[in-house]
Amino acid sequence: MTKTYDVAVVGATGTVGEAMLEILEQREFPVGRIFALASERSAGKRVRFRDKSVSVADVADFDFSRVQLALFAVGDDVSQRFAPKAAAHGCIVIDNSAYFRTDEDVPLIVPEVNPQALAGYRNRGIVASPGAVTIQMAVALKPIHDAAQVRRVNVATYQAVSGSGATGLRELADQSARLLNAQAIKTPAVYDKQIAFNVLAQIDTIEDNGYTREEMALVRETRRLLDAPGMQINPTAVRVPVFFGHSEAVHVETCDKLSAAQARRLLHAAAGIELVDMPQSHGYASAVTDAANQDAVFVSRIREDISCENGLNFWVVADNVRKGAALNAVQIAEKLIEEHI
């Protein structure tokens, strides 16, 4: 008889929380009982799981000793308050917020990249999942770094509005509809400028070094995942008017020479990667037509850098809500029950 695990999804009414419930069902995770949790204002709503309607409960009132696993799809403040509480009751927390990602005693995990680090969950009973752009880049960098040691990364990210949650989706939809009907848009509430038909060159606040918090998180998280504290990473994070799916133009310099053909073979064989790299026109993957609603990280446009002797360039796209958040959390849970609990 298959062992089952009672699971709580915190933030079950949000975009990522809904995706977590869907993916737990799709991947036939051995769920015994499911508990959908959210804030007080969402308590009483209903979500679907295995063709049943599940009532959403207030996370503040929940007894986490009732579950073995809790998947958190909430903001930093909620994770800060409730994740330690859940762990104190013997529940293992997989947290999708940014709150624990820099804590050295909390493992930061992408299963295709550093599964060996997952044993560190015993420190505090909490596992952190990285940001979406970090996840897809780290999955693509892993086989190249293992083969030729990546010395430097220059990356520009083109991030979908779903990275801002449901409010970002609504703002893009509302502005687009108004502009297409020759109407003036409302004063932006989520972004500092119009997002529809525009590109915004700042995500999150500016730090003292001129880079944004989002950009520096990409640097710190990638170094941790690849166990490469000296890796030089130069990021630019951009918000684009796309609903789902982040894109990245990645330029790497390796210590050892790696040809484009060698890189293709490595990426083709790597876990979690879908290679779409045909030499003819249109032989590349895009966020909307290829990555949206898919589990893989798609890599395209692999070519040797004409400006750098040991340089490689490639294009990476992935669904930021699935692989960039909900799926990665479920994969961590799968790895936990396979090897640790």
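Preceding this section is the structure that the text describes.
Residues numbered from 1 in each chain as written. Predicted model: local features only at pLDDT ≥ 70, side-chain atom pairs only at ≥ 80, totals over all residues. Heavy atoms only, no water.

S.K.: Is there a simple way to think about the overall build of the protein chain in this case?
M.R.: Looking only at helices and strands, one finds eight helices and 13 strands in the protein chain. The C-alpha atoms of the protein chain give 20 Å as radius of gyration, which agrees with the globular expectation for 341 residues (20 Å, within 12%). If one aligns the C-alpha atoms of the protein chain with their principal axes, the spans along those axes are about 60 × 55 × 40 Å. Considering only residue pairs separated by 6 or more positions, the protein chain has 67% of its internal contacts joining residues 24 or more positions apart. For the protein chain, the exposed surface amounts to about 15400 Å²; the carbon and sulfur share of it is 48%. Treating the 35 positive side-chain charges of the protein chain as one cloud and the 42 negative ones as another, the clouds have centres 3 Å apart. (Helix = DSSP H or I, 4+ residues; strand = E, 2+ residues; numbered from the N terminus. Rg over C-alpha atoms; globule rule 2.2 N^0.38 Å. Contact = heavy atoms within 4.5 Å. Areas by Shrake-Rupley, 256 points an atom, 1.4 Å probe, with all protein chains shown as cover. Lys, Arg positive; Asp, Glu negative; His and termini not counted. Charge placed at Lys NZ, Arg CZ, Asp CG, Glu CD.)

S.K.: Please explain helix α4 (residues 166–180) as it appears in this structure.
M.R.: Given 3.6 residues to a turn, an α-helix orients residues that are three or four positions apart in the same direction. Between its first and last C-alpha atoms α4 spans 21 Å; for 15 residues at 1.5 Å apiece the expected length is 21 Å, and the two agree. Taken together, the buried positions of α4 are occupied by Gly-168, Leu-169, Glu-171, Leu-172, Gln-175 and Ser-176. Down the axis of α4, the smallest arc covering the buried residues is 165°, so these residues share one side. Against α1 (15–26) lie the buried residues of α4. (Expected span 1.5 Å × (residues − 1). Buried < 20%, exposed > 50% of the residue type's maximum accessible area, 1.4 Å probe, protein only. Arc of directions from axis to C-beta.)

S.K.: Looking at this model, I keep getting lost on the packing of aromatic side chains. Mind explaining?
M.R.: For the structure on display, the rule yields five aromatic pairs. Measuring from ring centre to ring centre gives 6.2 Å for Phe-64 and Phe-72, while their planes differ by 25°; the resulting arrangement is stacked. In terms of burial, Phe-64 and Phe-72 fall into one category: buried. For the ring pair Tyr-158 and Trp-315, a centre distance of 5.9 Å and an interplane angle of 40° mean the geometry is tilted. (Phe/Tyr/Trp six-rings, centres within 6.5 Å; stacked < 30°, edge-to-face > 60°.)

S.K.: Any chance you could explain the nonpolar core here in plain terms?
M.R.: Within soluble globular proteins, side chains that are nonpolar generally end up buried alongside one another. Ranked by size, the top nonpolar core spans 58 residues in total, and within it Phe-64, Phe-72, Leu-141, Val-153, Val-250 and Phe-314 carry the most contacts. If you tally residues by element for this core, the top one is helix α3 (residues 132–148), at nine residues. Those residues in contact with Phe-72 that sit more than four places away from it in its chain are Val-10, Met-20, Phe-64, Ser-79, Phe-82, Ala-83, Ala-86, Val-93, Ile-94, Asp-95 and Asn-96. (Core = buried A, V, L, I, M, F, W, Y, C linked by side-chain atoms within 4.5 Å.)

S.K.: How should I be thinking about the sheet that holds strand β10 (residues 246–254) in this particular structure?
M.R.: Consider a sheet: its strands pair through backbone hydrogen bonds, and that pairing is either parallel or antiparallel. One open sheet accounts for six strands, arranged β9-β8-β10-β13-β12-β11; its pairing is mixed. Each of the sheet's edge strands pairs with one partner strand only, and the pair in question is β9 (232–239) and β11 (273–275). Here the strands of the sheet are splayed against their neighbours by 20° on average, with no regard to which way each runs. With three bridges joining them, β11 and strand β12 (residues 297–304) adopt parallel strand pairing. Counterpart to Ile-273 in the pairing with β12 is Val-297. Helix α6 (residues 260–269) contacts β11, β12 and β13 (311–318) of the sheet and is inclined by roughly 165° relative to β12. (Pairing = 2+ DSSP bridges. Axes fitted to C-alpha atoms, helices over the stretch in contact; angles between N-to-C directions.)

S.K.: Help me out: how do you make sense of the packing of α3 against helix α8 (residues 322–339) in this one?
M.R.: Angle between the axes and distance between the axes: these two values describe a pair of packed helices. Between α3 and α8, the shortest axis-to-axis distance is 8 Å and the interhelical angle comes to 85°. Overall, the two elements α3 and α8 adopt an arrangement that is roughly perpendicular. Contact residues: Ala-132, Ile-135 and Val-139 in α3; Lys-323, Gly-324 and Asn-328 in α8. A per-class count over the contact of α3 with α8 returns three nonpolar, two polar and one charged. (Parallel < 35°, antiparallel > 145°, perpendicular 65-115°, else oblique. Nonpolar A, V, L, I, M, F, W, Y, C, P; charged D, E, K, R; others polar.)

S.K.: Looking at this structure, I do not really get the side chain of Ser-162. What am I missing?
M.R.: Looking at the element boundaries, Ser-162 is found in the loop between β8 (150–159) and α4. Judged by its relative accessible area of 7%, Ser-162 is buried. At a separation of 2.7 Å, a polar atom in the side chain of Ser-162 contacts the main-chain carbonyl oxygen of Phe-243. (Polar contact = N/O pair within 3.5 Å; in protein donor to acceptor, adjacent residues only side chain to side chain.)

S.K.: Could you clarify how one ought to interpret the packing of α3 against helix α5 (residues 213–225) in this entry?
M.R.: Where α3 contacts α5, the axes come no closer than 9 Å and their chain directions differ by 40°. The angle between α3 and α5 falls in the class oblique. The way α3 lies across α5 gives a crossing that is right-handed. Each of Val-133, Thr-134, Met-137, Ala-138 and Leu-141 in α3 lies in contact with α5, whose residues at this interface are Glu-214, Ala-217, Leu-218, Glu-221, Thr-222 and Leu-225. Partitioning the contact of α3 with α5 into residue classes produces seven nonpolar, two polar and two charged. (Left-handed = near helix turned anticlockwise from the far one by under 90°.)

S.K.: Which parts of the structure should I look at to understand the sheet that holds strand β4 (residues 52–58)?
M.R.: Here we have seven strands laid out as an open sheet, ordered β3-β4-β2-β1-β5-β6-β7, and mixed in their pairing. For this open sheet the edge positions go to β3 (46–49) and β7 (126–128), each flanked by a neighbour on one side alone. Recorded for the sheet is a direction-independent mean angle of 30° between the axes of neighbouring strands.

S.K.: I keep staring at the pairing of strand β6 (residues 92–95) and nothing clicks. Help me out?
M.R.: Residues in a regular strand project their side chains so that they alternate between the two faces of the sheet. Across the two faces of β6 the burial is the same, with Ile-92 and Ile-94 and Val-93 and Asp-95 all buried. When strand β5 (residues 69–72) meets β6, the two strands line up parallel, connected through four bridges. Opposite Phe-72, over in β6, you have Asp-95 as the bridge partner. Taken together, β5, helix α2 (residues 76–88) and β6 constitute a β-α-β crossover, and its handedness is right-handed. The pairing of β6 with β7 spans three bridges and is parallel. Bridge pairing in β7 links Val-93 to Ile-126. (Right-handed = clockwise from strand over helix to strand, strands pointing away.)

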